[in-house]
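Chain by chain, the residues:
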Amino acid sequence: DTAVSQTPKYLVTQMGNDKSIKCEQNLGHDTMYWYKQDSKKFLKIMFSYNNKELIINETVPNRFSPKSPDKAHLNLHINSLELGDSAVYFCASSQPAGVNSPLHFGNGTRLTVT
Amino acid sequence: GEDVEQSLFLSVREGDSSVINCTYTDSSSTYLYWYKQEPGAGLQLLTYIFSNMDMKQDQRLTVLLNKKDKHLSLRIADTQTGDSAIYFCAALPLNSGGYQKVTFGTGTKLQVIP
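Residues numbered from 1 in each chain as written. Chains lettered and ligands numbered in written order. Predicted model: local features only at pLDDT ≥ 70, side-chain atom pairs only at ≥ 80, totals over all residues. Heavy atoms only, no water.

Enquirer: Break down unusual backbone geometry for me, citing the residues and quoting the values.
Expert: Residues and elements named next belong to chain A. A cis amide bond links Thr7 to the next residue, Pro8, at an omega of -5°. With a phi angle near 45°, Ser80 is a residue other than glycine that sits in the positive phi range. Of note, Ser80 is situated in the loop between strand 8 (73-78) and strand 9 (87-94). (Helix = DSSP H or I, 4+ residues; strand = E, 2+ residues; numbered from the N terminus.)

So this is what it looks like as structure tokens:
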């Protein structure tokens, strides 16, 4: 009964490659997010979708492209991977603000770019 | 934007109480959260407090909120080795554009010594 699941858990790839991370939630939430956690454990929001519509788009290189085919799924595609993209990427979901619905996180995808 | 600060490290002996502190800058923050991250896992919501409260207790956890000083603390009573993890404070400002633009603190690594 996993609530927020993301795949793969680990991703090792070379610079210049393109990769995707998938996320699915079965909580019935309307809003989904991608967060990046760097090596110092600092968490920064990247994107958020509400009912398949992009609502938060932080200062992220346009090599990163989120896609939400439906409100239960939010995928992250990364083109031309760079060393600095190495991090743990977390998917999360919640209800929209105004309802106290805390973020529910997946277990993360550790991306290593060599 | 909102800034959330925490001390980076705390070491306590098993059975003692732990107090993890957090400060935030946006006085409009409506909900304040505490999350726990164990190694290799996502963030797990521990507890939260609404801004019109000054204290919330949940079993071994006590959250104190000082709105005037914009200071939040998490007290863990009878700390156990299983409490060893990174603890994140997070704030949701009222003026986040109607969406859950939660800002996370830097995380406090709690080490429990047997």
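Enquirer: Tell me about the side chain of Thr31 of chain A, and please be specific about residues and values.
Expert: Residue and element names in this part refer to chain A. Mapped onto the elements of the fold, Thr31 is located in strand 4 (residues 31-37). Note on Thr31: relative accessible area 1%, which makes it buried. Excluding residues that lie within four positions of it along the chain, Thr31 makes contacts with Ser48, Tyr49, Asn50, Ile55, Ala92, Ser93, Ser94, Gln95 and Pro96. (Buried < 20%, exposed > 50% of the residue type's maximum accessible area, 1.4 Å probe, protein only. Contact = heavy atoms within 4.5 Å.)

Enquirer: So, the state of the cysteines: which residues are in play, and what are the values?
Expert: Tallied over the entire structure, the rule returns two disulfides over all chains. Disulfide partner of Cys23 of chain A: Cys91 of chain A, at an S-S distance of 1.8 Å. For the disulfide bridge between Cys23 of chain A and Cys91 of chain A, the dihedral angle about the S-S bond is near -80°, and by the sign convention the bridge is left-handed. Highlighted residues: Cys23 of chain A in strand 3 (residues 19-25) and Cys91 of chain A in strand 9, separated in sequence by 68 residues. Given a relative accessible area of 2%, Cys23 of chain A falls into the buried group. Covalently, Cys22 of chain B is tied to Cys89 of chain B through a disulfide, its sulfur atoms 2.0 Å apart. Note on the Cys22 of chain B and Cys89 of chain B pair: the S-S dihedral is about -65°, so by sign convention the disulfide is left-handed. Of this pair, Cys22 of chain B sits in strand 3 (residues 18-24) while Cys89 of chain B sits in strand 9 (residues 85-92), and the two are 67 residues apart along the sequence. (Disulfide = S-S within 2.5 Å.)

Enquirer: Just give me the short version of the packing of aromatic side chains, but keep the residues and values in it.
Expert: In this description, a pair of aromatic rings is defined by centroid distance and the angle of the planes. A full pass over the atoms with the stated rule returns 14 aromatic pairs over all chains. Aromatic side chains Tyr35 of chain A and Phe105 of chain A sit 5.7 Å apart centroid to centroid with 55° between the ring planes, which places their arrangement in the tilted category. Taken together, the residues span a long stretch of sequence, with Tyr35 of chain A in strand 4 and Phe105 of chain A in strand 10 (residues 104-105) at a distance of 70 residues. Judged by relative accessible area, Phe105 of chain A falls into the buried class, the value being 10%. Centre to centre, the rings of Tyr35 of chain A and Phe104 of chain B are 5.5 Å apart; their planes meet at 85°, and the pair counts as edge-to-face. (Phe/Tyr/Trp six-rings, centres within 6.5 Å; stacked < 30°, edge-to-face > 60°.)

Enquirer: So what's going on with the interface of chain B and chain A? Which residues, and what values?
Expert: Each partner contributes residues to the interface: chain B has 19 residues there, and chain A has 25 residues. At the junction of chain B with chain A, the criterion picks out zero salt bridges. Linking chain B with chain A are five residue pairs in polar contact (both at pLDDT 80 or more). If you list the elements that add at least two residues to the side of chain B that touches chain A, you get strand 4 (31-37), strand 5 (43-50) and strand 9 of chain B. With four residues, strand 4 of chain B is the largest single contributor of residues to the side of chain B that touches chain A. Broken down by class, the residue content of the side of chain B that touches chain A amounts to twelve nonpolar, six polar and one charged. (Salt bridge = Lys/Arg side-chain N within 4 Å of Asp/Glu carboxyl O. Polar contact = N/O pair within 3.5 Å; in protein donor to acceptor, adjacent residues only side chain to side chain. Nonpolar A, V, L, I, M, F, W, Y, C, P; charged D, E, K, R; others polar.)

This is a description of form; function is not addressed.
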